[in-house]
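Examination of the molecular architecture
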Amino acid sequence: MKCEQTREKSADYLAGELDEKSLAEVRAHLADCPACREELEGLSAIWTKLGVLPKEQPSASLRSRFYEMLEAYKEGMEKERARLDLGRNLSRWLGRLMPRKPAYQIALSLVLIAAGLGSGYLLSVRSRSAARTEVAGLKGEVDDMRRIVAVSLLKQASPSERLMGVSWSAQLDRPGDEIIAALLDTLNQDPNVNVRLAAVDALYLFYNHPEVKDGLVRSLSGQTSPLVQLSLIDLLVEIRERRAVEALERLIQDHDLNPKVKKRAEMGLTQLS
Amino acid sequence: MKTIVRLAGIIILLWAAGMADNAQESQADHAVVNFSNPAKPGKVEVDISEGSITVRGYEGKDVIIDARWRERVLTEKEQEPEAALAEKGEELDQEELARKKAQAEKAKGMKMIEVESMGLTIEEEENVIQVNAEEGKRAVDLVIQVPFSTSLRLSCRDDERGVTVDRVDGEIEVDTSDGPIILTNVSGPVVADSSDGEIKAVFGKVTPGKPMSFSAMDGDIDITLPLDVKASLKIKTDEGQIYTDFDVRLTPSQQKKEEDERKEGGGYRVAFEKVTLGLINGGGVEIQLTTYEGNIYVRKAK
């Protein structure tokens, strides 16, 4: 057995899957070849290390998140499978039609290419719009998955993951009622100031959505963190939400209000009135 | 499995009659807690109202907690009971006044014995250790040693010493009201906020894909990132300045609102969101930095 052949069999050797004859050959070669011996020892060390790596433990929520995503994906796949089966039968049938001689194969390919280019050109306009609907459809599916993941992330214990949830929500084209409700909920209930701040920014993007303006005005009275209050006041002023006037007036009356926030609220009042 | 380790000590200091000195030694508690599953990274949550929290990573598997209770700050009222009584005589109602006078009479010639319930509780459940201090009269300085991979959630209000963390690789969530937040040799992700304190974080490396956020109402934010970090910065500050020695590629803020009502007889208005977006090394980990007055410093690790 030569070095080349030994190398080929080294994986099976390490896994203990060589038949007796090959095993004897490998052993005989190793006895004579110090280079191969060294190589195999190195490989063997890596092999053992791989074996003792601790398996990563996924978090508990990963399971439910995964199944949700899987469901969404499976629905998409069901539609694909119908198309795939047809495709497979078709390609098998076509294979039988292919000529044996290479010269004829080349000729056939050239003819097909010409035909393809020709019809492609003719059909280009029609196919472009078809492609667009397909892309839109795909985007819709991606949006659905994104929505599921975002809602799930917003409920995680880790504030960094909740930040990711807000960020994913902000990237949706059409957030939908569920996401808006989740973001407003986060704004009002999240224990972390940073997450609430991020929620204000995300809601800013969706201020046209019916629930948002109302939700933002109502949120103002419940906020205690000065940074969140400032951010919310700025947002309400910027979207010219006149319904915020009452909430701002009430806020200014609060004795515990941070003086900087008070100043901003008063400025906001003049801008909105 | 639920493991509850409860430490509630009542310490009674007895002073010999001859001791005139009122100096008290601060009392120290010591506890070693292990995680239900030491092979998996654990989490330590600390919530105290007055005091400071110091956390250090070390090579062991257990969490070692040392609590040092500070001397009780005697209020004026206790130092000069009678003078105070006289002052406040008009404010307290007669009954209350009479009762306090009677008590002062009974205590004449004696020294007060400090009876303090330490009020520190430590609980562990499913790899999460919770340390809480009752809102009592004494502030506590906690020094906690944790395994490197531990995640932390630390909350400390009303105190100027704040929170310090060194050599911890897990996720760190911190909030303080007065004290500073100082993190060194951490790898994140970090979510920190402080009302009055400053925030300082020095990253040894940065965990990719996990967003971070820092916000400070009055203080500065000063973070140091590794040279090769890939980060997307989102910075908002009302009156502060932003400084960096990184090569930051500023990208236009997408948050621009345009209103054109000129066709309907209205006006034209464009509003830009006061946010600064910048990419370091092409962008990557989202880092949000928000201050009101404080400056923001984004430094390269030397």
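Definitions and cut-offs
- Residues numbered from 1 in each chain as written.
- Chains lettered and ligands numbered in written order.
- Predicted model: local features only at pLDDT ≥ 70, side-chain atom pairs only at ≥ 80, totals over all residues.
- Contact = placed C-beta atoms within 7 Å.
- Helix = DSSP H or I, 4+ residues; strand = E, 2+ residues; numbered from the N terminus.
- Nonpolar A, V, L, I, M, F, W, Y, C, P; charged D, E, K, R; others polar.
- pLDDT = per-residue confidence, 0-100.
- Buried ≥ 20, exposed ≤ 12 C-beta atoms within 10 Å, placed from the backbone.
- Core = buried A, V, L, I, M, F, W, Y, C linked by C-beta atoms within 7 Å.
- Pairing = 2+ DSSP bridges.
- Axes fitted to C-alpha atoms, helices over the stretch in contact; angles between N-to-C directions.

Taken together, the contact between chain B and chain A spans 20 residues of the former and 18 residues of the latter. Elements supplying a minimum of two residues to the side of chain B that touches chain A: strand 13 (172-176), strand 15 (190-194), strand 17 (212-216) and strand 25 (285-291) of chain B. Of the residues belonging to the side of chain B that touches chain A, the class tally is seven nonpolar, five polar and eight charged.

A few words now on the confidence of the model for chain B. Residues and elements named next belong to chain B. When pLDDT is averaged along chain B, the result is 80, and 73% of the positions lie at 70 or above. The low-confidence segment residues 7-25, where pLDDT is below 50, has 24 contacts with residues more than four positions distant or belonging to other chains. The model gives residues 74-80 a pLDDT under 50, and that stretch makes three contacts with residues more than four places away or in other chains. Our summary of model confidence lists the complex with pTM equal to 0.66 and ipTM equal to 0.75.

Here we take up unusual backbone geometry. Across the junction of Gly188(B) and Pro189(B), the peptide omega takes the value -10°, indicating a cis bond. For Pro189(B), the location among the structural elements is in the loop between strand 14 (181-186) and strand 15. A positive phi angle, close to 55°, is found at Arg240(A), a residue other than glycine. With respect to the secondary-structure elements, Arg240(A) resides in the loop between helix 10 (226-238) and helix 11 (244-253). When the 13 C-beta atoms within 10 Å are taken as the criterion, Arg240(A) is described as partly exposed. Phi angles above zero are rare outside glycine, and Glu126(B) is one such case at about 50°.

Ala199(A), Val200(A), Leu203(A) and Leu142(B) are the most contacted members of the largest nonpolar core, which totals 91 residues. Counting residues per element, this core draws most heavily on helix 8 (residues 193-205) of chain A, which supplies nine residues. Sequence-distant contacts of Leu142(B), defined by excluding residues within four places in its chain, comprise Val46(B), Ile48(B), Gly51(B), Ile53(B), Thr54(B), Ile65(B), Ala67(B) and Val131(B).

Before going further, it helps to examine the sheet that holds strand 20 (residues 242-244) of chain B. Residue and element names in this part refer to chain B. If you trace the ten strands from one edge of the open sheet to the other, you get 3-6-10-5-12-14-16-18-26-20, paired in mixed fashion. Unpaired on one side and paired on the other, strand 3 (28-33) and strand 20 mark the two borders of the sheet. With direction set aside, neighbouring strand axes in the sheet form an average angle of 10°. Here strand 5 (residues 51-58) pairs with strand 10 (residues 140-147) via eight bridges, running parallel.

Let us now look at the pairing of strand 13 of chain B. Residues and elements named next belong to chain B. Burial analysis of strand 13 places five of its five residues in the buried class, the great majority of the element. Covered by surrounding structure in strand 13 are Ile 172, Val 174 and Thr 176 together with Glu 173 and Asp 175, the residues of both alternating faces. Sheet topology note: the strand 11 (residues 151-156)/strand 13 ladder contains five bridges and is parallel. Considered in strand 13, the bridge of Cys 156 is made with Thr 176. Where strand 13 lies against strand 15, five bridges are found, and the strand directions are parallel. Across the sheet, the residue bridging to Asp 175 is Asp 193, located in strand 15.

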